[in-house]
Amino acid sequence: MILKGRVYRVGDNINTDVIMPGRWCHLTDEAELAKHCMEDHDRDFLQKIKPGDIIVADENFGCGSSREVAPLSIKAAGIGAIVARTYARIFYRNCINIGLPIFESPACAAATGPDDGLSIDVFGGKIINHTRGGEFAFAPFPEFMKTIMDKGGLQGWVMERLGR
Amino acid sequence: MGQTIAEKIIADHAGLPTVVPGQIVNVPVDMAMANELSAALSIKELNSWGVDKVFDPRKICLVPDHFTPNKDLNAAAIATTVRAFAQKHDVRWYFEVGRGGIEHAVLPEEGVILPGQIMVGGDSHTCTAGALNCLATGVGSTDIACAWATGEVWLKVPTSAALEYTGKLRPHVYGKDLILYTLGDLGTPGATYMSIEYFGDVFDNLPLADRFTMANMAIEAGGKCGIFRFDEKTKDFVEATPRFIAERPAYHTFAPDADAAYAVSRKYDVTHIEPQVACPFSPDNVKPVSEIEDIKIDQVVIGCCTNGRLEDLQRAAEILRGRQVEKHVRAIIIPGSQRIARIAHETGLSNIFIDAGCVFSTSTCGPCIGGHMGVLDADEVCVSTTNRNFRGRMGHLTSEVYLANTAVAAASAIMGRIGSPDEL
């Protein structure tokens, strides 16, 4: 599977409060969540992105609150994948669980700027920057996480546990 | 190789003699908790999965506390959904408004979570309960839905950090200052994925309240959990909870091996630590209070899940007794639970606050997440005893939050600027 998109670039410590502010945390509808994605980080986020775009971040992306509406809003807004140097752990789990493709690659983050064109070879384990050139490996997923991702998220795994 | 506290608790639950960091295991959970916001999404997922039976209603806890008492119609609708779910599944640990308080204060206090257990919670500050020598960790709503359906959760065994605190505390220095100081040292990603394990003789002379404060903010360093050793103080606390008294449940305690492997080790001599303040917009942007310049404030929030225990309120009341909050400052007191509120009323604590010109609120997470009960306007400044000061956290994007202990917050309320109790 190849994910292709243009880069929306952010820096360190993007917390889930700015991704999905507390005032919208009562929402559960994905279309509604999408309307407020990244609102307190960048008011014009939704105007700047197109479906399939890739968020590239530095350290500790998704830190703070466990609110799953944050990654849900990113997925619902049409972002195709996230690449970061590192992630906060709850956010990382949430992305795996909801089936939002997420990759850890310090080298890619270091060499990628706004609006670059990226393609991610999910099974081949590499990211290519088409704008600046360069091919980067991402950290391999542990087997267990691959299993969850293969099932499209945690739902498939739960169904299996329940014998359905 | 010896094992850390987290490794021992996970191995115990996984039915394995040992586990190693990085290993992914599936473990049964002793408690799966959610507040109304995270629960709403979990319930939606269970419904979409077609799961209409929970694994064990005795191991589920629901605490509507974030936007309650319902702040608006949206919040009301969510509270209704969660209440209906609790009724349908006969959830044992459902704490209605007026019966509980804030999840992280209520669960330990009621005995819902016990030493040695594993709890997942749909709230990042679930780690608070680690003060009781259990592994409590925040997860998202899908994980909670999974735990409610199957009784299990997948965990990656974390590496661990050993933080040791020794020496004699200076006046008005508490657990909050120790954890803020630690955050200043480690940085917000400093313990990402780690089990933060707290040690040291300082805790012999502090009430359990300070352990809860420090475990609460383990997530602010990126920690998976924050855990304290079990001692006589833990035992006294646990065995005085209503559930323990009624049921005398067995529980197990875990101490690290002498040769346990810690990825990060720090020793802090607390003797020279003064009250700390975390400046906008990160909990690791920490300075001693004496180095804070003349910053006028508009609001003070004292309490919540980080600092809403009885001793926290007592420390603030000592400062406010016989004094007045500055004329143009709003001071909002939020006890962690109904139980704490009741003692505050019984012992006259709440009257000290009211006489000083404070609002004595019911328990809610409202102001901390910019929900209600103290949302900040543009450019307003707040001193808060909560745990996060991200941009826009408590309201307007241009508002600012400074984090401090309850004595510093009380002193600041009186002076109308950020300052230390020593200045009064």
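The rules behind the values
- Residues numbered from 1 in each chain as written.
- Chains lettered and ligands numbered in written order.
- Predicted model: local features only at pLDDT ≥ 70, side-chain atom pairs only at ≥ 80, totals over all residues.
- Heavy atoms only, no water.
- Helix = DSSP H or I, 4+ residues; strand = E, 2+ residues; numbered from the N terminus.
- Expected span 1.5 Å × (residues − 1).
- Buried < 20%, exposed > 50% of the residue type's maximum accessible area, 1.4 Å probe, protein only.
- Polar contact = N/O pair within 3.5 Å; in protein donor to acceptor, adjacent residues only side chain to side chain.
- Axes fitted to C-alpha atoms, helices over the stretch in contact; angles between N-to-C directions.
- Parallel < 35°, antiparallel > 145°, perpendicular 65-115°, else oblique.
- Left-handed = near helix turned anticlockwise from the far one by under 90°.
- Contact = heavy atoms within 4.5 Å.
- Nonpolar A, V, L, I, M, F, W, Y, C, P; charged D, E, K, R; others polar.
- Pairing = 2+ DSSP bridges.
- Buried area = accessible area lost by both parts, 1.4 Å probe.
- Salt bridge = Lys/Arg side-chain N within 4 Å of Asp/Glu carboxyl O.
- Domains from an automatic or database assignment.

**Looking at helix 2 (residues 36–49) of chain B**
Along an α-helix, residues three or four apart share an orientation, since each turn contains 3.6 residues.
Residue and element names in this part refer to chain B.
Here is step 1: Here helix 2 spans 20 Å end to end across 14 residues, near enough to the 20 Å set by a 1.5 Å rise per residue.
Here is step 2: With 11 of its 14 residues buried, helix 2 lies for the most part within the structure.
Here is step 3: Listed as buried for helix 2 are E36, L37, S38, A39, A40, L41, S42, I43, E45, L46 and W49.
Here is step 4: Between the side-chain oxygen of the N-cap and the backbone nitrogen of L37 there are 2.9 Å, and the N-cap of helix 2 in question is N35.
Here is step 5: Residue G50 follows helix 2 closely and has a positive phi angle near 75 degrees.

**What about the packing of helix 2 of chain B against helix 3 (residues 73–88) of chain B?**
Residue and element names in this part refer to chain B.
Here is step 1: Put simply, helix 2 and helix 3 touch, their axes get as near as 9 Å, and they point 60 degrees apart. In this view, helix 2 runs oblique relative to helix 3, as classed from their interaxial angle. Crossing geometry of helix 2 relative to helix 3 is assigned as left-handed. Between helix 2 and helix 3, the contacting residues are E36, L37, A39, A40, I43 and L46 on the first element and I78, T81, V82 and F85 on the second.
Here is step 2: When the residues that make up the contact of helix 2 with helix 3 are grouped by side-chain class, the tally is eight nonpolar, one polar and one charged.

**Regarding the environment of F144(A)**
Here is step 1: Within the secondary structure layout, F144(A) lies in helix 7 (residues 143–150).
Here is step 2: Residues F144(A) and F61(A), 83 residues apart in the sequence, show an inter-C-alpha distance of 22 Å.
Here is step 3: Apart from the residues within four sequence positions on either side, F144(A) is in contact with W157(A), I24(B) and W154(B).

**Observations regarding the sheet that holds strand 2 (residues 54–57) of chain A**
Residue and element names in this part refer to chain A.
Here is step 1: With mixed pairing, seven strands are arranged side by side in an open sheet as 4-3-2-1-5-6-7. What marks the edges here is a single partner per strand, and that holds for strand 4 (102–104) and strand 7 (135–137). Taking each pair of neighbouring strands and ignoring which way they run, the sheet shows an average axis angle of 30 degrees.
Here is step 2: Inspection of the sheet shows strand 1 (residues 2–9) paired to strand 5 (residues 117–121) by five bridges, in the antiparallel sense.

**So, the interface of chain A and chain B**
Here is step 1: Each partner contributes to the interface: chain A provides 40 residues, whereas chain B provides 45 residues.
Here is step 2: Of the roughly 3,600 Å² buried between chain A and chain B, counting both surfaces, carbon and sulfur atoms make up 59%.
Here is step 3: When the area that chain A buries against chain B is broken down by residue, the three leading residues are H26(A), R89(A) and R93(A), summing to 21%.
Here is step 4: Inspection of the region where chain A meets chain B yields three salt bridges.
Here is step 5: Between D143(B) and R93(A) there is a salt bridge whose closest N-O contact spans 2.7 Å.
Here is step 6: Our count for the chain A to chain B interface comes out at 17 residue pairs in polar contact (both at pLDDT 80 or more).
Here is step 7: Of all the secondary-structure elements, those providing two or more residues to the side of chain A that touches chain B are helix 1 (16–19), helix 4 (69–76), helix 5 (89–98), helix 7 and helix 8 (154–161) of chain A.
Here is step 8: Here the side of chain A that touches chain B takes seven residues from helix 5 of chain A, the largest share from any one element.
Here is step 9: Looking at side-chain class alone, the side of chain A that touches chain B contains 17 nonpolar, 12 polar and 11 charged residues.

**Examining the domain arrangement of chain B**
Residue and element names in this part refer to chain B.
Here is step 1: Split into domains, chain B comes out as domain 1 (5–267) and domain 2 (277–419).
Here is step 2: The gap between the C-alpha centroids of domain 1 and domain 2 is 24 Å.
Here is step 3: Interface area, domain 1 with domain 2, both sides summed: about 3,000 Å², of which 60% is carbon and sulfur.
Here is step 4: Applying the counting criterion to the domain 1 and domain 2 interface returns three salt bridges.
Here is step 5: A salt bridge links R315 to D210, with the nearest nitrogen and oxygen atoms 2.7 Å apart.
Here is step 6: For the pair domain 1 and domain 2, the number of links is 27 residue pairs in polar contact (both at pLDDT 80 or more).
Here is step 7: If you list the elements that add at least two residues to the side of domain 1 that touches domain 2, you get helix 4 (103–110), helix 6 (175–186) and helix 7 (208–216).

**Focus on helix 4 of chain B**
Residues and elements named next belong to chain B.
Here is step 1: Among the eight residues of helix 4, eight are classified as buried, and the element is accordingly described as predominantly covered.
Here is step 2: Taken residue by residue, helix 4 has E103, H104, A105, V106, L107, P108, E109 and E110 as its buried positions.
Here is step 3: Downstream of helix 4 by a residue or two, G111 has a phi angle that is positive, lying close to 85 degrees.

**Concerning the pairing of strand 2 (residues 31–35) of chain B**
All names here are of chain B.
Here is step 1: The element strand 2 is largely enclosed, with a buried count of five among its five residues.
Here is step 2: Alternating positions in strand 2 separate into two faces, M31, M33 and N35 on one and A32 and A34 on the other, with burial throughout.
Here is step 3: Here strand 2 pairs with strand 5 (residues 118–122) via four bridges, running parallel. Residue pairing for strand 5: A32 is matched across the bridge by V120.
Here is step 4: Judged from the four bridges that link them, strand 2 and strand 3 (residues 60–63) form a sheet pairing that is parallel.

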